[in-house]
Amino acid sequence: MTSPAIDPLRLNVAHFATDAQQLDGDWAIAELSRLADSECPADAGSPLRAKTADAVPLPSRSASDLTRRVRWHAVGSLRPVGGEQQIWMHLTADAEVVLQCQRCLLPLDEAVHVDRHFHFVDSEETAAAIDDETEDEVLVLQKSLNLRDLVEDEMLLALPLVPRHDVCPEKITMQFGDVEIVEAETAHPFASLALLRKDKDGDGGPDIV
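Note that the coordinates shown come from a computational prediction; the quantities given were computed from them, not determined experimentally. Counting of residues starts from 1 at the beginning of each chain's written sequence and follows it residue by residue. Since the coordinates come from a predicted model, pLDDT governs what is reported: local features require at least 70, and pairs of side-chain atoms require 80 or more to be given and counted, while whole-chain, interface and lining totals use all residues. Side-chain measures were taken over the full set of non-hydrogen atoms in the model, leaving aside hydrogen atoms and water.

A.B. asks: What's the story with the pairing of strand E4 (residues 107-121) in this structure? I'm lost.
C.D. replies: If a strand is regular, its side chains alternate between the two faces of the sheet. The pairing of strand E3 (residues 84-100) with E4 spans 14 bridges and is classified as antiparallel. Bridging across to E4, Ile 87 finds its partner in Phe 120. Only strands joined by at least two bridges in the DSSP assignment are considered to pair. What counts as a helix is a DSSP run of H or I of at least four residues, what counts as a strand is a run of E of at least two, and both are numbered from the N terminus. Hairpin connection from E3 to E4: 6 residues lie between these consecutive antiparallel strands, with Leu 105 at a positive phi of about 70°. Direction of pairing for E4 relative to strand E5 (residues 137-140): parallel, over a ladder of 4 bridges. Bridged to Val 121 within E5 is Val 140.

Below is the structure:
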């Protein structure tokens, strides 16, 4: 658990790095409002999902759920560069979040991992000057740092842009007017549209030209 001598919500990064200190702990996802808002709604599901006995049940979640947590670890250090001591911090964080699949709209468990090095400098001008020269994050050194906000920022950046199941747990159902079409996972994206076309004889089959 986090040492009571160090407050992660008011972290003195300069002292933290100078003393090569380490800090670890965890916060409930429900307590990180922006990350919690990025998760799949607890009642999510496609309005057209199959109403069958074998339909996949939605997970039981609520805003009071404190069991799912973001676990994090931070290490401060000084790096001698050009006769100066640079202030650095290494941050790792892990969590299992519940996102919404953008294909079937059902919940998707996603393991999110953060592994970042932060270089702290004395001004915005210095940060802007070296930001394009490094893959590491460059931040302006403040009197105190809210480590919880930083962890949440990095977790949000690590979320997939388009979360999707490798294989959706239910068949994907689409509605075109009065026609309901169930697509297989491997179907061509435009194949189902052919079912909406009528042939010239009006028998309801595809119109092959």
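A.B. asks: Just checking my understanding: could you explain the environment of Asp 149 for this structure?
C.D. replies: With respect to the helices, strands and loops of the structure, Asp 149 is situated in helix H4 (residues 147-158). Considering only alpha carbons, one finds Asp 149 and Leu 9, 140 residues apart in sequence, at a separation of 8.2 Å.

A.B. asks: Whenever I open this one, the layout of surface pockets confuses me. Can you help?
C.D. replies: It is the rolling of a water-molecule-sized probe over the atoms that shows where space remains empty. Its boundaries defined by the atoms lining it, the largest pocket holds a volume of some 190 Å³. Using protein atoms alone on a 1 Å grid, points that fit a 1.4 Å probe yet trap it form a cavity, whereas open point sets bounded by protein on both sides within 12 Å along at least five of seven lines form a pocket; residues with an atom within 4 Å of a point count as lining. Residue lining of the largest pocket: Glu 84, Gln 85, Gln 86, Ile 87, His 119, Phe 120, Val 121, Asp 122, Thr 126, Ile 130 and Leu 141, and that is the complete set. For the lining of the largest pocket, the element with the highest residue contribution is E3, accounting for 4 residues. Taken together, the residues of the lining of the largest pocket break down into 5 nonpolar, 4 polar and 2 charged. Grid points are joined across faces, edges and corners, and a volume is the space filled by probe spheres set on the points. Under this grouping Gly is polar, as are all residues other than the nonpolar Ala, Val, Leu, Ile, Met, Phe, Trp, Tyr, Cys and Pro and the charged Asp, Glu, Lys and Arg.

A.B. asks: Sorry if this is basic, but what is going on with the side chain of Glu 154 here?
C.D. replies: For Glu 154, the location among the structural elements is in helix H4. The contact criterion used is simple: two residues touch if any of their non-hydrogen atoms lie within 4.5 Å. Among all residues touching Glu 154, those that are not within four sequence positions of it are Leu 91, Val 114, Arg 116 and Phe 118.

A.B. asks: Would you explain the sheet that holds E5 in this entry?
C.D. replies: Within a sheet, neighbouring strands are paired by backbone hydrogen bonds and run either parallel or antiparallel to one another. Here 5 strands make up an open sheet; going across it, the order is E1-E2-E3-E4-E5 and the pairing mixed. Each edge of the open sheet carries a strand with a single partner, namely strand E1 (22-28) and E5. For this sheet, the mean angle separating the axes of adjacent strands, direction not counted, is 30°. Of the pairings in the sheet, the one linking strand E2 (residues 69-81) to E3 comprises 11 bridges and is antiparallel in character. The residue bridging Arg 71 from the neighbouring strand is Asp 94, located in E3. Lines fitted to C-alpha atoms define the axes here, with helix axes fitted over just the stretch in contact, and angles between the N-to-C directions of these axes take values from 0 to 180 degrees. Helix H3 (residues 124-131) rests against E4 and E5 of the sheet, and its axis sits at about 170° to E5.

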